[in-house]
Amino acid sequence: TECTTDNFSDWAGPFNFITKICGVTCADPVVINSLPYIDTNNTANFADNYDGNQGNACNTTPATINYLTGNDAFYNYTADFTGFIDITLIPTNSTDTRSSIFVYSACNISSNSCLAGAADTTSEPRNINAFPVTEGESYTFLVSSNATGSTQTVNYTLIIQKYNCSKPANLEIKTITDNATVPPTVSPMITTTGVTIQWTDATNTPTSQYNIFYKIQ
């Protein structure tokens, strides 16, 4: 350190330290600055600092299971608009069962009911659709699991985006067979390397765009 002009202190150290990982606690969450937001992660990268009850109205199946006994990943989003958002938690593998996604308005989770939530014992996507947000308000998203066997930690993709349109209808994908191509006159088009799908747009005009996610069973 240069204490005064040309007057330097003696060297000190080195000092070893480890920086805190964002998302390990509710007080130091991963901050979501803008939408859409996508994070592919594993709760093994965080910690198990909270094992309390998830609270009421959390939409858990079955309702008697506590889905906060595994590792926890905390996210925080301050809404920059008033409207609705969609929240999707997609388990990565078929073994990533018993995962959960909960929404709270504060960090005192044990005494706060969920604003919304989704959790069950399967590895299917967890969806919270058309969740209302108010500009300037902060929301805590908590990803965790029910720690049973290998589900202390789970791999996942978290997707949070604005809810701008109605969901498409009549989505159809025909059976895919090996070494076969559907004739061009048939829609959707399916080959061994790709697929073209179609749907009925909510506005009955082909102007909307949708993100489509698939999962190999």
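Computed from a predicted structure; not experimentally measured. (Residues numbered from 1 in each chain as written. Predicted model: local features only at pLDDT ≥ 70, side-chain atom pairs only at ≥ 80, totals over all residues. Heavy atoms only, no water.)

1. Observations regarding unusual backbone geometry
Working step 1: Each neighbour pair has its own omega, and for Leu-35 with Pro-36 the value is 0°, a cis peptide bond.
Working step 2: Within the secondary structure, Pro-36 sits in the loop between β3 (30-32) and β4 (37-42).
Working step 3: The amide bond that connects Thr-61 to the next residue, Pro-62, takes the cis arrangement and shows omega of -10°.
Working step 4: Tracing the sequence through the fold places Pro-62 in the loop between β4 and β5 (73-78).
Working step 5: We note that Ala-57 has phi near 55°; this positive angle belongs to a residue other than glycine.
Working step 6: In this fold, Ala-57 is placed in the loop between β4 and β5.
Working step 7: Here Ala-57 falls in the exposed class, since its relative accessible area comes to 61%.
Working step 8: Located in the positive-phi region is Ala-130, a residue other than glycine, with phi close to 55°.
Working step 9: Assessed through its relative accessible area of 27%, Ala-130 is described here as partly exposed. (Helix = DSSP H or I, 4+ residues; strand = E, 2+ residues; numbered from the N terminus. Buried < 20%, exposed > 50% of the residue type's maximum accessible area, 1.4 Å probe, protein only.)

2. Some details on the pattern of salt bridges
Working step 1: Under the defined criterion, the tally for this structure stands at one salt bridge.
Working step 2: Asp-120 is the salt-bridge partner of Arg-126, the closest N and O atoms lying 2.9 Å from each other. (Salt bridge = Lys/Arg side-chain N within 4 Å of Asp/Glu carboxyl O.)

3. So, the state of the cysteines
Note: disulfide means a covalent bond formed between the sulfur atoms of two cysteine side chains.
Working step 1: Under the criterion given, the structure shown has two disulfides.
Working step 2: Disulfide pairing is shown between Cys-26 and Cys-107; the S-S distance is 2.1 Å. Taking the sign of the S-S torsion, -85° for the link of Cys-26 and Cys-107, the bridge is left-handed. Of this pair, Cys-26 sits in the loop between β2 (7-8) and β3 while Cys-107 sits in the loop between β7 (99-104) and β8 (116-119); the two residues are 81 residues apart in sequence, bridging distant segments of the chain.
Working step 3: The exposure class assigned to Cys-107 is partly exposed, which follows from its relative accessible area of 41%.
Working step 4: The partner cysteine of Cys-58 in its disulfide is Cys-114, sulfur to sulfur 1.8 Å. Disulfide Cys-58 to Cys-114: torsion about the S-S bond roughly 70°, handedness right-handed. Residue Cys-58 is found in the loop between β4 and β5, and its partner Cys-114 is found in the loop between β7 and β8; the two are separated by 56 residues along the sequence. (Disulfide = S-S within 2.5 Å.)

4. A closer look at the sheet that holds β4
Working step 1: Spatial strand order, β4-β11-β6-β9: four strands in an open sheet with antiparallel pairing. Each of the sheet's edge strands pairs with one partner strand only, and the pair in question is β4 and β9 (126-133). When strand polarity is set aside, the average angle formed by the axes of neighbouring strands in this sheet is 15°.
Working step 2: As paired strands, strand β6 (residues 83-91) and strand β11 (residues 155-162) are joined by seven bridges and run antiparallel to one another. Among the inter-strand pairings, Ile-90 is bridged to a residue of β11, identified as Thr-157. (Pairing = 2+ DSSP bridges. Axes fitted to C-alpha atoms, helices over the stretch in contact; angles between N-to-C directions.)

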